[in-house]
There are 2 protein chains.
Amino acid sequence: MTDPLTNLITTYHELNAAVVDELHEEPSALEFMRYVATHRPFVVRRAVSEWKACRKWDAGYLRQTMGDEEVRVAVTPSGNADAVVERKEDDTLLFVEPHEIFEPFAEFLDSVVQQSSSSSSTTAAGHVKYAQTQNDNLRNEYSPLFPDVPANIPFARIALGQKAEAINLWLGDDRSTTAMHKDNYENLYCQIRGEKEFVLLSPGEMACVNERVLGRGRYVPGSAAAAATSSSGDDGDDDDDTRMVGDLEVQLDVHAERVPVATWDPDEPEKHATAYSHLAKPLRVTLREGDMLYLPSMWYHKVSQRVGEEGFVCAVNYWYDMDFAGSHWASTSFVRDVYYAEQMRPQYPRLEVGEERAEGSE
Amino acid sequence: MTDPLTNLITTYHELNAAVVDELHEEPSALEFMRYVATHRPFVVRRAVSEWKACRKWDAGYLRQTMGDEEVRVAVTPSGNADAVVERKEDDTLLFVEPHEIFEPFAEFLDSVVQQSSSSSSTTAAGHVKYAQTQNDNLRNEYSPLFPDVPANIPFARIALGQKAEAINLWLGDDRSTTAMHKDNYENLYCQIRGEKEFVLLSPGEMACVNERVLGRGRYVPGSAAAAATSSSGDDGDDDDDTRMVGDLEVQLDVHAERVPVATWDPDEPEKHATAYSHLAKPLRVTLREGDMLYLPSMWYHKVSQRVGEEGFVCAVNYWYDMDFAGSHWASTSFVRDVYYAEQMRPQYPRLEVGEERAEGSE
């Protein structure tokens, strides 16, 4: 009998093409609901290209609209916010959150655009900044920009019978990536500037992602820089501001509860692979300016990006609460439970009886 | 760590009420799609009461419309078509199909109605007859009656983007029951005459139903009666006709492939229970004349019935192909695989080390 987890993954792939459906106009609420029902992603090309955001958002307009509003910015050494990091001291894997700073929007944007236009993207002290707070920031921190996008995606509001739970703005440069993870939301992801490359895995491929329960850490400025960063309201230019953070070091948070994290990366398939990873069939889709992606709840996704002509990458996504009723949540949890039960089952060594005897007779 | 199958069932029940939603008007296509998406049943009270079938189908009208059309009738000793039967000789469980006869519709209906009006429903030779061929019979055998029902259920046709794959008529008396089983169809079940009582279990409760792979059998007339039944076109009255079949005996079909069958019955919960059966929360719903039930694909259902004033029970159901894409089929198969893997895993006896030592020291 085939192992159930293997069977689950191969059956899923037998029944579902390893491509993301491409639509060329928005689905009706009913058509959308069919995608929600099967938990399958799709992309609508040019769905949002007529949004005011798509027509207007260049660096000048954003700077003018947001001005000196303070925004929360994630700062990491290499664009790896909320990512798995191997600690040098002891090779331990940690789930590391970014260093966070507040800075006036205009300064933040300048440093993003300047970094993108610089010929060398690997400047020693060039930390990566990313506006990526997923806390409904477009209706809060970035509310001056909110009128430039619709308050809801009509087909989703009608189909799901609810308004968006959170609307988030994402703004950064080429170097930020979002490591493989999943969210408990139905997600409509709209590309405004630049491109994003999504790598997707269905929830049933959980056994492929090598989920491990990791300790948590956070990037913090190196001790030498710590004192300097405590002075706020600094007016220096952006390079100074970035440099001010100094080296970022991983600080283990010994009090934080350990957290389950996907450690396998389909782009480095040999590293951190499980016995199931080779069965995964990651879907890949590139969102270009004006495209919209439906990313079903609990799908794993890894996101990388490329700046557009304006020198930055910008997207807006709408999160709608997923339906925990029915079988979707329960089934997905079940896959996870079976995976962990299998990991914990004692693996008796195979007895190679013939060989043992041969040895004994010598 | 809790056993995954236990967790699956209890999580499902935590997230879903153990009742069937009651609607008082037909859902829209979109509302229906939400039920399909969560694989949750609902009943619409009085949804079909204005159908011509509901207004017209009494014994006289049916007899007049169908006349002497030959119909295929299932005959069983106690109303147990397609059911698990314990063979007396060796206590083996078999999946037993009914004896099948062809008879003019009017004669079949007379024997159903006569049986219902008889004071004793347990006459020794009173075999149970049930028109229950699930082969699109309303558009074939019973086509004269087809104009009395709609050719499709509009909300389902629109939501699922397809026409009904099969439309079936069911006609019998009080004594027929349909044993717990599941179908790979989205099912809209419409009650025309009498009542049906459905007992439902979600696909995730697979571990409760004690699915076993059984040999197959069929009811056949006892050897003494075998010769007599081969003469067809008999014109005798219905009692004769029924009696003609003689005793029905289970005949094992040694060539037929064994088949997986649910053997647990929520109405006899102690019998054939698995370690999980006590976790089941069967949903119960009674369909009365004019009611419609949405029975989602792959839900287990057991059906019993009571005749109405007309002396028979009659229903019409619409089967729509289920969507094998997405995760529904794969997840449901996975539950089954995990269940079987657990059954087949060697159960090492618990070593009660302390006691063994005590025995050894005696």
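Structure first, text after, so check above.
Here the residue numbers are simple positions, counted from 1 along each chain's written sequence. Here chains are named by letter from A upward and ligands by number from 1 upward, in the order in which they appear as written. In keeping with the predicted nature of the model, local features appear solely for residues at pLDDT of at least 70, side-chain atom pairs appear and are counted solely at 80 or more, and the whole-chain, interface and lining totals rest on all residues. Hydrogen atoms and water are omitted, and side-chain values are computed over all heavy atoms in the structure.

Let us look at the overall build of chain A. Each helix and strand in chain A was counted, giving ten helices and 19 strands. Between two residues, a contact is recorded if the distance between any of their heavy atoms is within 4.5 Å. In chain A, once contacts between residues fewer than 6 apart in sequence are set aside, the share between residues at least 24 apart is 86%. Areas reported as accessible are Shrake-Rupley estimates using a 1.4 Å probe. Residue values count occlusion only from the protein chains shown. A total of about 16,500 Å² of accessible surface is found on chain A, and carbon and sulfur atoms cover 47% of it. A helix here means a DSSP run of H or I that spans at least four residues, while a strand means a run of E at least two residues long, and both kinds are numbered starting from the N terminus.

The subject of this paragraph is the side chain of Thr-286 of chain A. Residue and element names in this part refer to chain A. Inspection of the secondary structure puts Thr-286 in strand E16 (residues 283-287). A polar atom in the side chain of Thr-286 sits 3.4 Å from the side chain of Glu-197. With near-sequence residues (within four places) excluded, Thr-286 lies in contact with Arg-45, Glu-195, Lys-196, Glu-197, Asp-291 and Arg-306. The term polar contact refers here to a pair of N or O atoms within 3.5 Å; inside protein, the definition further demands a hydrogen-donor-capable atom paired with an acceptor-capable atom, and it admits residues adjacent in sequence only when both atoms are side-chain atoms.

Another aspect to go through is the sheet that holds strand E18 (residues 300-306) of chain A. Spatially, five strands are ordered E4-E10-E18-E12-E16 (chain A) in an open sheet, and the strand pairing comes out mixed. Bordering the open sheet on either side are strand E4 (80-81) and E16 of chain A, each of which pairs with just one other strand. Strands were regarded as paired on the criterion that DSSP finds at least two bridges between them.

Below, the discussion takes up the pattern of salt bridges. Definition used for salt bridges: Asp or Glu carboxyl oxygen within 4 Å of a side-chain nitrogen of Lys or Arg. Within this structure, the stated rule accounts for 34 salt bridges over all chains. A network of salt bridges, in which partner residues are shared, links Asp-265, Asp-267, Arg-284 and Lys-302 of chain A.

So, about the environment of Gly-204 of chain A. Residues and elements named next belong to chain A. Along the chain, Gly-204 falls in the loop between strand E12 (195-201) and strand E13 (211-221). Sequence separation between Gly-204 and Arg-336 is 132 residues, and the spatial gap between their C-alpha atoms is 8.8 Å. In this view, Gly-204 contacts Leu-8, Ile-9 and Val-335; residues no more than four positions away in its chain are not counted.

Residue and element names in this part refer to chain A. Phi at His-272 takes a positive value of approximately 55°, unusual for a residue other than glycine. Of note, His-272 is situated in the loop between strand E15 (259-262) and E16. The partly exposed category is assigned to His-272, whose relative accessible area is 26%. In this scheme, a residue with accessible area under 20% of its type's maximum is buried, one over 50% is exposed, and one in between is partly exposed, where area comes from a 1.4 Å probe on protein chains only.

Alignment of copies: least-squares fit on C-alpha atoms of residues with pLDDT of at least 70 in both copies. In screw terms, the move from chain A to chain B is a rotation of 180° and a rise of 0.0 Å along the axis, fitting with an RMSD of 0.0 Å. This pairing of chains is accounted for by a two-fold axis. Closest approach to the rotation axis among the C-alpha atoms of chain A is made by Ala-37 of chain A, whose C-alpha sits 2.0 Å away. Looking at chain A, 100% of its interface residues are interface residues in chain B too, so the copies touch through the same face.

With that out of the way, let us pick up the interface of chain A and chain B. Facing 38 residues of chain A, the contacting portion of chain B comprises 38 residues. Approximately 3,100 Å² of surface area, both sides summed, lies buried where chain A meets chain B, with 73% of it carried by carbon and sulfur atoms. One can count zero salt bridges joining chain A with chain B. One can count eight residue pairs in polar contact (both at pLDDT 80 or more) joining chain A with chain B. Breaking the side of chain A that touches chain B down by element, the ones donating at least two residues are helix H1 (4-15), helix H2 (29-38), helix H6 (154-160) and helix H9 (328-344) of chain A. Considering every element that reaches the side of chain A that touches chain B, the biggest residue donor is H9 of chain A, with ten residues. In terms of residue class, the side of chain A that touches chain B is made up of 24 nonpolar, nine polar and five charged. The quantity reported as buried area is the accessible area (1.4 Å probe) lost by two parts once they are put together, taken as the sum for both. Note on residue classes: Ala, Val, Leu, Ile, Met, Phe, Trp, Tyr, Cys and Pro are nonpolar, Asp, Glu, Lys and Arg are charged, and everything else, Gly too, is polar.

All names here are of chain A. Following the sequence through the fold, Ala-164 ends up in the loop between H6 and strand E9 (166-172). C-alpha of Ala-164 to C-alpha of Ala-151: the two residues are 13 residues apart in sequence and 8.1 Å apart in space. Those residues in contact with Ala-164 that sit more than four places away from it in its chain are Arg-139, Asn-152, Tyr-318, Trp-319 and Tyr-320.

All names here are of chain A. The computed volume of the second largest pocket comes to approximately 840 Å³. Among the elements of the structure, strand E3 (70-76), strand E5 (83-86), strand E6 (93-97), strand E10 (177-181), E13, E15 and H9 are those that each provide at least two residues to the lining of the second largest pocket. When grouped by side-chain class, the residues that make up the lining of the second largest pocket number 21 nonpolar, eight polar and ten charged. The distinction between a cavity and a pocket rests on a 1 Å grid over the protein atoms alone: a 1.4 Å probe fits inside a cavity but cannot get out, while a pocket stays open yet meets protein on both sides within 12 Å along at least five of seven lines, and a residue with an atom within 4 Å of a point counts as lining. Grid points are joined across faces, edges and corners, and a volume is the space filled by probe spheres set on the points.

Helix axes are fitted to C-alpha atoms over the stretch in contact, other axes to C-alpha atoms as well, and angles between N-to-C directions run from 0 to 180 degrees. The geometry of H9 of chain A relative to helix H1 (residues 4-15) of chain B is characterised by a closest axis approach of 9 Å and an angle of 160° between their N-to-C directions. When the interaxial angle is binned, H9 of chain A and H1 of chain B end up roughly antiparallel. The hand of the H9 of chain A/H1 of chain B crossing is right-handed. Along the contact surface, H9 of chain A presents Trp-329, Ala-330, Ser-331, Phe-334, Asp-337, Val-338 and Ala-341 of chain A, while H1 of chain B presents Pro-4, Leu-5, Asn-7, Leu-8, Thr-11, Tyr-12 and Leu-15 of chain B. Roughly parallel refers to an angle under 35 degrees, roughly antiparallel to one over 145, roughly perpendicular to one between 65 and 115, and oblique to any angle outside these ranges. Here is the rule for handedness: rotate from the far helix to the near one, and if that takes an anticlockwise turn smaller than a right angle the crossing is left-handed, while a clockwise turn gives right-handed.

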